[in-house]
Amino acid sequence: MADDRASIAGPGRRVNVLLPLPLRGAYDYLLDDDLDAETGSFVVVPLGQRLLAGVIWGEGGGDEDGQVAESRLRYVEAVLPVPPMPEVTRRFIEWLADYTCAAPGSVLRMGMNVPAALRAPKPRLAYELAGPPPERMTSARARVIELLTHGPPMEPRDLANEAGVSSGVIRGLVETGTLAPVTIPDAMPDWRAALDATAPILNDTQRVAVADIAAVLTTGFSATLLDGVTGAGKTEVYFEAIAATIARGRQVAVLLPEIALTAEWLDRFEARFGARPTQWHSDLGSGERRRHWRAVAENRAKVIVGARSALFLPYADLGLIIVDEEHDPAFKQEDGVIYHARDMAVARASLGEIPILLVSATPSLESLRNVELGRYRHVGLPERAGGAALPEVHTIDMRRAGLPAGRWLSPELVEAAEAALGAGEQVMLFLNRRGYAPLTLCRTCGHRFECPHCSAWLVEHRFAGRLQCHHCGHSVRQPKECPSCNDSDSFAACGPGVERLLEEAVATFPEARAMVVASDTVHGPAAAQALMQSIRENEFNLVIGTQILAKGHNFPSLTLVGVIDADLGLSGGDLRASERTYQLLTQVAGRAGRGEKPGRALLQTYNPEHPVIEALVSGDRDRFIKQEMDERERASMPPFGRLVALIVSGGNEQQVIDTAQALARIGPRAPDIRVLGPAPAPLRLLRGRFRWRLLMHTRRAVNASAVVREWLANAELPNAVRVAVDVDPYSFL
């Protein structure tokens, strides 16, 4: 095909095309003179026997040795009808690939994961009134006509739903000539009207914060940490920054760590602006993803809220990035290209010369360190909005509680919960463990149910009657007999999960309206919205949940939070164990007392002397942060040093071990670089692959990514073995 085309259209222009594949780099192609394309254009090119969409990354050729002769090049097949990828987006992809040691094509794939959006959109069909009413009028037909008489054209499904009729009624009105089809553009909010919405009444501290942030919204790149206690009104403050940005016609990206947080956020946004923003997360349907991706590229979507993947949308004119709950570990992508969305968002803002707001009640040590060094600005909200007080935090020493086996609620917590429930208030019991029990074993022979694909126990989910792996998703029905000794009715549940806690709570508080909230009981933003609304309206007065309840939610009637195992997460040798536990429990406690009545948090602990527990009780955050910072600095650990993990994995463990040892032998040698390992990962087997780890530790000034790239360039890796690079690791499993 290329030879025939060359004879007709001439030699064409040589262009470099990056494909969304884990390849070493971009490939050269020839572009016919009659194709209108530029750097950044999305094009279709042949690769082997396939046709693939890619992006023109620049001019082809150059001075590189070994470039493909022009006579051997193939031609660009087509230029796709979508705006070119902006130059800043292309630079961001290159920067992120360089930093994470990933193939640029793998990063590009995250921004091209909606292939249908690259094609010309199909027209959206709607119906409008076009003729007289039909001779045979029914009540159903009358409702349809009434809707369209006083409103704009409507799509068939929406028209049928709002009129409460079947699709057959719509078709019948089309056949009589009463309705006619028209095409309509994708609906986008009228942001001019949204900006005229009544702004909220802010307190003095919020107004100062708004002014402080407004001062840097038009001055190029800046990073600001909006640091406010739970309930301080941080969202209302950054809503004003959003309003100022869209008033200038520019786009805003808001990153949230979890889909479950989106629902309440959307309600608050709509209450402020009178319109909903464009959403981006994995729960969207394919049609919505296609429309939203294209609306972002065409600069019709002005406010985009989503999970970490929203960072890779093709923003036409991005003017502000907001990372809410910036400390949250969910911003870390652990599969494929491994990156931290908060840190990459800062890089994206810097490359685009725009401001970024990092928002949290419990900021990460990395962000606080950047404030100390003057890299980030700091805006504080030290008090709750509306005059509400922060909850009092107390401990319950479980060493003295004397609970019988199989019971998890201390008498002190039960008494406090009974009092709150009796007063018509809500109670939250927090336990960060899904399912019924983390381990199930046979009392007769000691058999433990283990995942066949991972080094992990199967977790009992009694409500579903299944045993499930929380790492790979493997699930089996719980057997009636032990597979090792064939004994029946011999299984023992070890330890509590939220389902088991619900069982005890229902027995202890029989009059309570109890429910469980966990990631496996909340499916998508719509379900989360309905669930959280039911809690806010006090349909349930005893809520038992995991970390999905810890942040972002406002339950006015909630006055008591009971943490069942405050020590959970403090062990295991994780670098950030104390920091994460402090952040999580502060957020959990912060759900209490956000309405008119004061709140309390009771922490059940076997180690009330632990610095994290003492900091939570005293409320002395600064002391805790200084202590953590001092320990990290003495060990030269992040944020004072750098870490890069290499995870070697494969189906043959001996081959994995040999490869890891070979990597260690050729590892970098320098006074300011140490290579630790190899050692088996705590999760030695994950999704059927054996895993060994190496950990490189360097001073902060070292370009750790460059060191790792050179290290791996000198390695010979078997085809069956993968090496994943995790720069700035957050998980050590």
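Residues numbered from 1 in each chain as written. Predicted model: local features only at pLDDT ≥ 70, side-chain atom pairs only at ≥ 80, totals over all residues. Heavy atoms only, no water.

Draft legend 1. Expanded view of empty space enclosed by the protein. Per the counting criterion, the structure on display carries 4 cavities of 30 Å³ or more. By volume, the largest cavity is sized at about 60 Å³. Lining the largest cavity we find Thr362, Pro363, Leu365, Glu579, Tyr582, Gln583, Arg621, Phe624 and Ile625. Of the residues assigned to the lining of the largest cavity, the class counts are 5 nonpolar, 2 polar and 2 charged. Taken as a whole, the second largest cavity spans an internal volume of roughly 50 Å³. Taken together, Thr89, Phe92, Ile93, Gly111, Leu311, Phe312, Leu313, Tyr315 and Arg348 form the lining of the second largest cavity. At 3 residues, helix α2 (residues 87-100) tops the list of elements feeding residues into the lining of the second largest cavity. Along the lines of polarity and charge, the residues of the lining of the second largest cavity split into 6 nonpolar, 2 polar and 1 charged. (1 Å grid on protein atoms, 1.4 Å probe; cavity = no way out; pocket = protein on both sides within 12 Å on 5 of 7 lines; lining within 4 Å. Points joined across faces, edges and corners; volume = space filled by probe spheres on them. Nonpolar A, V, L, I, M, F, W, Y, C, P; charged D, E, K, R; others polar. Helix = DSSP H or I, 4+ residues; strand = E, 2+ residues; numbered from the N terminus.)

Draft legend 2. Representation of the sheet that holds strand β24 (residues 514-517). In spatial order, the strands read β17-β27-β26-β18-β25-β24; together these 6 strands make up an open sheet with parallel pairing. Since the sheet does not close on itself, it has two edges, and those belong to β17 (392-397) and β24, each with one partner. The sheet shows a mean angle of 20° between the axes of neighbouring strands, direction not considered. Examined bridge by bridge, strand β18 (residues 426-430) and strand β25 (residues 542-545) share 4 bridges and lie parallel to one another. Within β25, the residue paired with Leu429 across the bridge is Ile544. Docked against the sheet, helix α18 (residues 611-618) engages β17 and β27 (600-605), running at close to 140° with respect to β17. (Pairing = 2+ DSSP bridges. Axes fitted to C-alpha atoms, helices over the stretch in contact; angles between N-to-C directions. Contact = heavy atoms within 4.5 Å.)

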